[in-house]
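Each chain, letter by letter, is given below.
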Amino acid sequence: MALPDDLAEEAQALRQRLDDWNYQYYVLDDPTVPDAEYDRCMARLRELEQAHPELQRADSPTQRVGGAPLDKFRQVAHEVPMLSLDNAFDAGDMLDFNRRLLDRLGEGDRVIEFACEPKLDGIAVSLLYRGGLLERGATRGDGTTGEDITHNVRTIRSIPLHLRGSGYPAMLEVRGEIYMPRAGFEALNRRARERDEKTFVNPRNAAAGSLRQLDAKITAERPLEMCCYGVGRVEGGELPDRHAEVLDCLREWGFRVNPESRVVQGIEACDAYYEELAQRRQALPYDIDGIVFKVNDLALQRRLGFVSRAPRWAIARKFPAQEEMTRLLDVEFQVGRTGAITPVARLEPVFVGGVTVSNATLHNSDEILRLGVMIGDTVIVRRAGDVIPQVVSVVTAERPADARAVSFPDRCPVCGSVVERAEDEAVIRCMGGLVCAAQQKAAIKHFASRRAMDIEGLGDKLVEQLVDEGLVENVAGLFHLERERLLQLERMGEKSVDNLLAAIEASKQTTLARFIFALGIREVGEATALNLARHFGNWEQLAAASTEQLLQVADVGPVVADHLAQFFASASSMAVVSALRQAGVCWPDLEVTPVEDLPLAGQTWVVTGKLEAMGRDEAKMRLQSLGAKVAGSVSAKTRCVVAGPGAGSKLARAAELDVEVIDEAAFLKLLDRHGVEI
Ligand code: D41
């Protein structure tokens, strides 16, 4: 039976649309269709190809699921060797690098143009396209010989099966890094844990393990991506004469290129770029272990050449290691605000992630079991960004003969009350509640903190003193402190006492949102408190709300609703609230605005770059409080972009799409105009 023309046309149109959507999603970071629409088109194309096998093509978007498994990997020789990178560890090494470049070029001092790009922590690969079709994918291996992983790379959707557009060389070898974004890695491990399977230690190992599969069906299910950083073999065509322009071509031909890539003038600008990315490293959706700097001019690159295995014209400046080995000296138990008892590792001090670490969290008893850690063990400690250092694994081979098991207390280490472990929780809790000094202290510290009641001068040390000396037991006690008694405390002179009392007095005028947050109800953070305040407008409505009513509030799910209900049902908690109000703590009631009437209702905003007055999360929360949705990437639907210094690709994208961009000053003015507190 002859194939009707219109079916061939339909299949071609579907392939084109699916390719376009893939490109928009993976290369431009700009999803344009709902998943359901994508899935519908894919299903229709599959149906057509199955019914009419003559429509099938190796580079169809349906061909990414993986075919029959291989029985071994074939070796691949890299015709143009895949070089390695020299490392730099500080600004001094960068100056030396620049000096070497200038000396080698021998034309005196000049400002060199560099292309900068994050150094992805993945697996380097090579992709060979002949006549625009993906012919072969290979790992870097030792740089000369790698393994053929064509069957696996074909399943990765940010790798085009055929090149887009025109003007590409007849033979083009593209090089880049295959990596697993952190979110995909977390999800993969979560699934593995649920099924009692082995987890991966980090995204890099997960990416390597996923590419080392003989069965591409397994690879197809792994959230891998590829970012390109250069080319190898090029025949039958010309490329531009600057590295950054080559990357631009690759992007047009369908490859993902790191959106953070930038061209800068001179080595100092390289340092500034490094510092900026070091700051934002944790906010990126993937792991990077440094920055790669390359001389942008390819003619200069050729003149500079390479030594042994590394080009002279490139260098990788590494970030401080985020993982180090050290010894676990002891495990102590800390009692938190809600009574949760957390094991804390006392470590032999070690320099990791740019600071000296001597404590790390062990989370809970399940975590200690999972790690199988004993006191005296050699452990691997990880400190990423500003998060609390963690013990990630144990080097069991180094366990000393006198290692001791960690034993959990059956009484609260602070107040001696019994401890309990709730059925569905991994933590044990002190049941002492507000008689437990540790919980009293933690509750008061939280209450006084800047984002809560903002009592200036009431720092952690002073709170501990006040509780230890019996001056306060709960937060309401702060409003009955006596001047004479305070003057008897160590290190408290007249001036500090008067300042403290004035700060306590001033804190009485607060907002409902701050008050709710300050109470330290479990799981009620700042954003939730703000939503609760805006939703109910006053304390009475909130305290009287049913679970159903609480569940209506943005951010409030069954767990939070339950904690709120427990708080309002607790006579002792309510007594503290009355005492606070009796002492004069007050706030203006809010007009309750229905969500659809909020000033930014229905608008999508994007926040990028570094803000001075607040973090990006806080900016996001404030925009949400005005009814805006906050998205991670700029699209045609974006209403406005708030851009601080260091904003990169999102800014360029906004310009391209003609989306409004405002700076932090304008953003603060806008917040002020709408009465949002900063
Ligand atoms: O992101 C990376 N991991 C990355 C690796 C990058 N952005 N650029 C790179 N450039 C090169 C040269 C300069 C040698 C072409 C690299 C690598 N090499 C590389 N990756 C693994 C070994 C070498």
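Residues numbered from 1 in each chain as written. Predicted model: local features only at pLDDT ≥ 70, side-chain atom pairs only at ≥ 80, totals over all residues. Heavy atoms only, no water.

K.L.:
An account of the overall build of the protein chain is needed here, citing residue identities and associated values.
P.N.:
Broken down by element type, the protein chain carries 24 helices and 24 strands. Dimensions along the principal axes, computed over C-alpha positions, put the protein chain at roughly 90 × 60 × 55 Å. Across the 678 residues that make up the protein chain, the buried fraction comes to 48%. At a minimum sequence separation of 6, the contacts of the protein chain that also span at least 24 residues come to 67%. On the protein chain, roughly 33,300 Å² of surface is accessible, and the fraction owed to carbon and sulfur atoms is 49%. (Helix = DSSP H or I, 4+ residues; strand = E, 2+ residues; numbered from the N terminus. Buried < 20%, exposed > 50% of the residue type's maximum accessible area, 1.4 Å probe, protein only. Contact = heavy atoms within 4.5 Å. Areas by Shrake-Rupley, 256 points an atom, 1.4 Å probe, with all protein chains shown as cover.)

K.L.:
A description of the packing of aromatic side chains should follow, citing residues and the corresponding values.
P.N.:
This model, assessed by the stated rule, comprises 14 aromatic pairs. Consider the rings of tyrosine 129 and phenylalanine 255, whose centres lie 5.3 Å apart with planes at 85°: the pair is edge-to-face. Placement of tyrosine 129 in strand β4 (residues 123-130) and of phenylalanine 255 in the loop between α8 (243-252) and β9 (262-265) is noted, with a sequence separation of 126 residues between them. Like phenylalanine 255, tyrosine 129 is buried. Both rings, one in tyrosine 273 and one in phenylalanine 293, keep their centres 6.4 Å apart while their planes meet at 80°; by these two values the pair is edge-to-face. (Phe/Tyr/Trp six-rings, centres within 6.5 Å; stacked < 30°, edge-to-face > 60°.)

K.L.:
Hey, could you go over the pattern of salt bridges for me, with residue numbers and the actual values?
P.N.:
Under the definition given, this model contains 46 salt bridges. One salt bridge connects glutamate 260 with arginine 280, and the closest N-O pair in it is separated by 2.9 Å. On the criterion of sequence distance, the pair formed by glutamate 260 in the loop between α8 and β9 and arginine 280 in helix α9 (residues 267-280) is long-range, its members being 20 residues apart. Notably, a salt bridge pairs arginine 491 with glutamate 490, separated by 3.8 Å at the nearest N-O pair. One network of salt bridges, in which partners are shared, links Glu260, Arg262, Glu276 and Arg280. (Salt bridge = Lys/Arg side-chain N within 4 Å of Asp/Glu carboxyl O.)

K.L.:
Please provide a residue-by-residue account of the confidence of the model for the protein chain, values included.
P.N.:
On average, the protein chain scores 92 in pLDDT, and the residues at 70 or more come to 99%. Between the elements of the protein chain, mean pLDDT differs from a low of 83, seen in helix α22 (residues 616-625), to a high of 98, seen in strand β7 (residues 171-179). (pLDDT = per-residue confidence, 0-100.)

K.L.:
Outline the nonpolar core, listing residues and values.
P.N.:
Grouped together as the largest cluster of nonpolar side chains are 57 residues, with contacts concentrated most on Leu466, Leu478, Leu532, Trp539 and Leu580. At the level of elements, α12 (437-448), α13 (460-468), α15 (494-507), α16 (512-518), α17 (526-536), α18 (539-543), α20 (558-569) and α21 (571-582) are the ones that each hand at least two residues to this core. Counting residues per element, this core draws most heavily on α16, which supplies six residues. If sequence neighbours within four positions are ignored, tryptophan 539 has contacts with Leu512, Phe515, Ile516, Leu519, Phe567, Phe568, Met574, Val577, Arg581 and Trp587. Counting residues in hydrophobic clusters, the runner-up holds 31 residues, among them Val125, Leu127, Ala206 and Met226. (Core = buried A, V, L, I, M, F, W, Y, C linked by side-chain atoms within 4.5 Å.)

K.L.:
Explain the packing of α12 against α13 to me, and be specific about the residues and the numbers.
P.N.:
It is the contact of α12 with α13, at a shortest axis distance of 9 Å, that shows an interaxial angle of 140°. Classified by the angle between their axes, α12 and α13 sit oblique to one another. Note on packing geometry: the crossing formed by α12 with α13 is right-handed. Touching Ala437, Gln440, Lys441, Ile444 and Lys445 of α12 are Asp460, Val463, Glu464, Val467 and Asp468, all from α13. In terms of residue class, the contact of α12 with α13 is made up of four nonpolar, one polar and five charged. (Axes fitted to C-alpha atoms, helices over the stretch in contact; angles between N-to-C directions. Parallel < 35°, antiparallel > 145°, perpendicular 65-115°, else oblique. Left-handed = near helix turned anticlockwise from the far one by under 90°. Nonpolar A, V, L, I, M, F, W, Y, C, P; charged D, E, K, R; others polar.)

K.L.:
Describe the environment of glutamate 113, and please don't skip the residues or the numbers.
P.N.:
By the element assignment, glutamate 113 lies in strand β3 (residues 113-120). Judged by its relative accessible area of 21%, glutamate 113 is partly exposed. C-alpha separation for the pair glutamate 113 and phenylalanine 293, spaced 180 residues apart in sequence, amounts to 9.9 Å. Setting aside residues up to four positions removed in sequence, glutamate 113 forms contacts with Arg242, Val263, Val264, Gln265, Lys294, Val295 and Asn296. A polar side-chain atom of glutamate 113 sits 2.8 Å from a polar atom in the side chain of glutamine 265. (Polar contact = N/O pair within 3.5 Å; in protein donor to acceptor, adjacent residues only side chain to side chain.)

K.L.:
Summarise the packing of helix α3 (residues 91-105) against α9; cite the residues concerned and give the values.
P.N.:
Viewed as axis vectors pointing N to C, α3 and α9 meet at an angle of 145°, and their least axial separation amounts to 10 Å. Relative to α9, the crossing made by α3 is right-handed. Taken together, the residues of α9 that come into contact with α3 (itself represented by Ala91, Met94, Leu95, Phe97 and Asn98) are Ile267, Cys270 and Asp271. Of the residues belonging to the contact of α3 with α9, the class tally is six nonpolar, one polar and one charged.

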